[in-house]
Amino acid sequence: MESPQMQYEYVDLNDKFMSIAYTYAKRIYLQYNWNHKTIPVAIIVKDDKFISKGICSDGGHAKDGFCNRLKEAGTSYDSCPHCKEEEHAERKALIAAYDQDLTGAMIVVYGHYKLCSECILALNSRGIYKCSVLKESEILFNRHDKRTVLGTDNQFTV
C-alpha cells in the first residue's frame, strides 16, 4: 500500500475558507450547547471555490452529548459511533463532492491538527494532497496538550 501524503498549510481565521469552516463548527457548538469537543469541519476547495463540506458524524457528538473516546487516551476510533472513520468530516466532504473532479483541490479543516492516515488515503485517491489547518492547531485541538481549547469556553475565541 502506498504511503499517504498530505502537505499541511497553517492559516489563521482571516483565511476565507477557514473562516467558513469555523462558522459551521461554531453554529453546531451553539445549537447543541456542546461543551466537550470542537466539532471537526472539513471544506473542499478547488480553484478558490467552495466545493463541499463535511461535519464529523453530521454533528452526532453534539446531538447525543457524548464521545466515548474522551474517557481514556488512546481509545480507538471504533469505540465511539461518531468517531468511526466513515464519520470523519473529511469523508463526509468527499461524499458530498461525489460527482466532482477533485484533482488539485485542497481540504480545509477546523477542529483538527492532523488527519488520520485513512482520511489521507481517501483524499489522495481523489487527487487531494493539500490541507489547511488553523495556526497552532496542534496545541488548540490536541486533547493531550494542557493548553488545548477543547472542552473550554475558548473553543471559538481563538
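A. Looking closely at the sheet that holds strand E4 (residues 106-110). Pairing is mixed across the open sheet formed by 5 strands, whose spatial order is E1-E5-E4-E2-E3. The open sheet terminates on both sides in strands that have one partner only, identified here as strand E1 (7-11) and strand E3 (49-55). Across the sheet, the axes of successive neighbouring strands diverge by a mean angle of 25°, strand direction being ignored. Bridge count for strand E2 (residues 41-46) against E4 is 5 bridges, and the pairing is antiparallel. Looking at the pairing, Val41 lines up with Tyr110 of E4. Along the sheet face, helix H3 (residues 89-96) touches E2, E3 and E4 and points at about 130° away from the line of E3.

B. The arrangement of unusual backbone geometry in detail. In this model, Asp48 sits at a positive phi of 60°, which is unusual for a non-glycine residue. When you line up the elements, Asp48 lands in the loop between E2 and E3. One non-glycine residue, Glu136, adopts positive backbone phi at about 65°. Turning to its location among the elements, Glu136 is positioned in the loop between strand E5 (130-134) and helix H5 (137-140). The exposed category is assigned to Glu136, whose relative accessible area is 52%.

C. Region of interest: the nonpolar core. Counting residues in each nonpolar core, the largest one holds 23 residues, and the members touching the most others are Val41, Ile43, Val108, Tyr110 and Phe141. Elements that contribute at least two residues to this core include exactly helix H1 (16-32), E2 and E4. A total of 8 residues in this core trace back to one element, the largest contributor, which is H1. The contacts of Val41, once residues within four sequence positions are left out, are Ala21, Tyr24, Ala25, Gly54, Ile55, Ala89, Val108, Val109 and Tyr110.

D. Region of the structure containing the packing of aromatic side chains. By the definition in use, this model includes 2 aromatic pairs. Between Tyr22 and Tyr110 the ring centres are 5.3 Å apart and the planes differ by 90°, which places this aromatic pair in the edge-to-face class. With a gap of 88 residues between them, Tyr22 in helix H1 and Tyr110 in strand E4 connect regions that are remote in the sequence. Its relative accessible area of 13% is what places Tyr22 among the buried residues. Judged by centre distance (5.0 Å) and plane angle (75°), the rings of Tyr110 and Phe141 are edge-to-face. A residue pair is termed long-range when its members are at least 10 positions apart, and Tyr110 in strand E4 and Phe141 in the segment after H5 qualify at 31 residues. Its relative accessible area of 0% is what places Tyr110 among the buried residues.

Procedures and definitions
Residues numbered from 1 in each chain as written. Predicted model: local features only at pLDDT ≥ 70, side-chain atom pairs only at ≥ 80, totals over all residues. Heavy atoms only, no water. Pairing = 2+ DSSP bridges. Helix = DSSP H or I, 4+ residues; strand = E, 2+ residues; numbered from the N terminus. Axes fitted to C-alpha atoms, helices over the stretch in contact; angles between N-to-C directions. Contact = heavy atoms within 4.5 Å. Buried < 20%, exposed > 50% of the residue type's maximum accessible area, 1.4 Å probe, protein only. Core = buried A, V, L, I, M, F, W, Y, C linked by side-chain atoms within 4.5 Å. Phe/Tyr/Trp six-rings, centres within 6.5 Å; stacked < 30°, edge-to-face > 60°.

Shape descriptors only; they carry no functional weight alone.
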